[in-house]
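# Per-entry structural report
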Amino acid sequence: SGFALGGKRVYASVMFSDIRGFTSLAETQPPEETIELLNTYYTLMFDAISTHGGVVTLMAGDGLMAVFGAPLPTPDPCGSAVRTALEMIETMELFNLERVAAGKPPLRIGIGVASGEMVAGYAGTNERATYTCIGDTVNLASRLEAHTKVAARTILIDGATRAALGDRVEVEPLGEVPIRGKAEPVDVFSVALGQKL
């Protein structure tokens, strides 16, 4: 309802995703090819995110952040986020078939999802502002995405997301994991790929 700096507290799910080994890939190809690849990648990922009611709030190189449940509340932000993550992986598998057929290396992505309270709103100045979400839940989602490399898993979710999903999703418990910036270890779950939610 109009633009104003500042935010409000919401319950939402946040997703971070990242292309694995993108820096090394970018070193081996012309920058024109890299930007074309990124544009194709973003188009595919944005389609999956918007289909399930998500909003992309950040693009940084080969990484992106999306929120489910803000700015407009949704009845099932956790389910929407995990459904999106599964669709993103399926989409990448199809995209990789085209890449391999063209003699290019396949791309792999890692995704982290966390759910909880956060502050959502506009940060910046009156001249230039961006819609974003801030809080411990957002930081956790980012850390989970980074942890996919360590855990050698594709989609990681936190305990709050797992609890909200109940038996609707097949997961592998990875136990309590020390997360940078968190005083206590966090319950982490890996989402089984190829399932429908």
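Before reading further, recall that the structure is shown in the block above.
Bear in mind the structure is a predicted one, so any value in this text is a computation, not a measurement.

### Notes on the packing of aromatic side chains
This model, assessed by the stated rule, comprises three aromatic pairs. Centroid distance Tyr-41 to Tyr-42: 5.6 Å. Interplanar angle 45°. Geometry classified as tilted. Geometrically, the ring pair formed by Tyr-122 and Tyr-131 is edge-to-face, given 5.5 Å between the ring centres and 75° between the ring planes. Residue classification places Tyr-131 among the buried residues on the basis of a relative accessible area of 16%. The rings of Tyr-41, Tyr-42 and Phe-46 are connected pair by pair, giving a single aromatic cluster. Positioned above the aromatic ring of Phe-189, the side-chain terminus of Arg-162 is 5.9 Å from the ring centre.

### Remarks on the environment of Asp-62
The residue Asp-62 is located in the loop between strand 2 (55-60) and strand 3 (63-68) in this model. Linking Asp-62 and Gly-194, residues 132 residues apart in sequence, is a C-alpha distance of 24 Å. Asp-62 has contacts with Ser-17, Asp-18, Ile-19, Phe-22, Leu-38, Tyr-41 and Tyr-42, leaving out every residue within four places of it along the chain. A polar side-chain atom of Asp-62 sits 3.1 Å from the main-chain amide nitrogen of Ile-19.

Basis of the calculations
Counting starts from 1 at the beginning of each chain's written sequence and moves along it residue by residue. Note on the predicted model: pLDDT of at least 70 is required for a residue's local features to be given, and 80 or more for side-chain atom pairs to be given and counted; whole-chain, interface and lining totals, by contrast, use all residues. Values reported for side chains reflect all heavy atoms of the structure, with hydrogen atoms and water molecules removed beforehand. Ring pairs are drawn from Phe, Tyr and Trp, using the six-membered ring of Trp, whenever the two centres fall within 6.5 Å, and their geometry is named by plane angle: stacked under 30 degrees, edge-to-face over 60, tilted for the rest. Only protein chains enter the area calculation, which uses a 1.4 Å probe; residues under 20% of their type maximum are buried, those over 50% are exposed, and those in between are partly exposed. Here, a charge over a ring means that NZ of Lys or CZ of Arg falls within 6 Å of the ring centre while also lying within 35 degrees of the ring normal. A helix here means a DSSP run of H or I that spans at least four residues, while a strand means a run of E at least two residues long, and both kinds are numbered starting from the N terminus. By definition in these notes, contact holds between two residues if any of their heavy atoms fall within 4.5 Å. Under this definition, polar contacts are N or O atom pairs within 3.5 Å; protein pairs additionally need one hydrogen-donor-capable and one acceptor-capable atom, and for neighbouring residues in sequence, both atoms have to be side-chain atoms.

Spatial relationships are all this shows, so hold off on functional conclusions.
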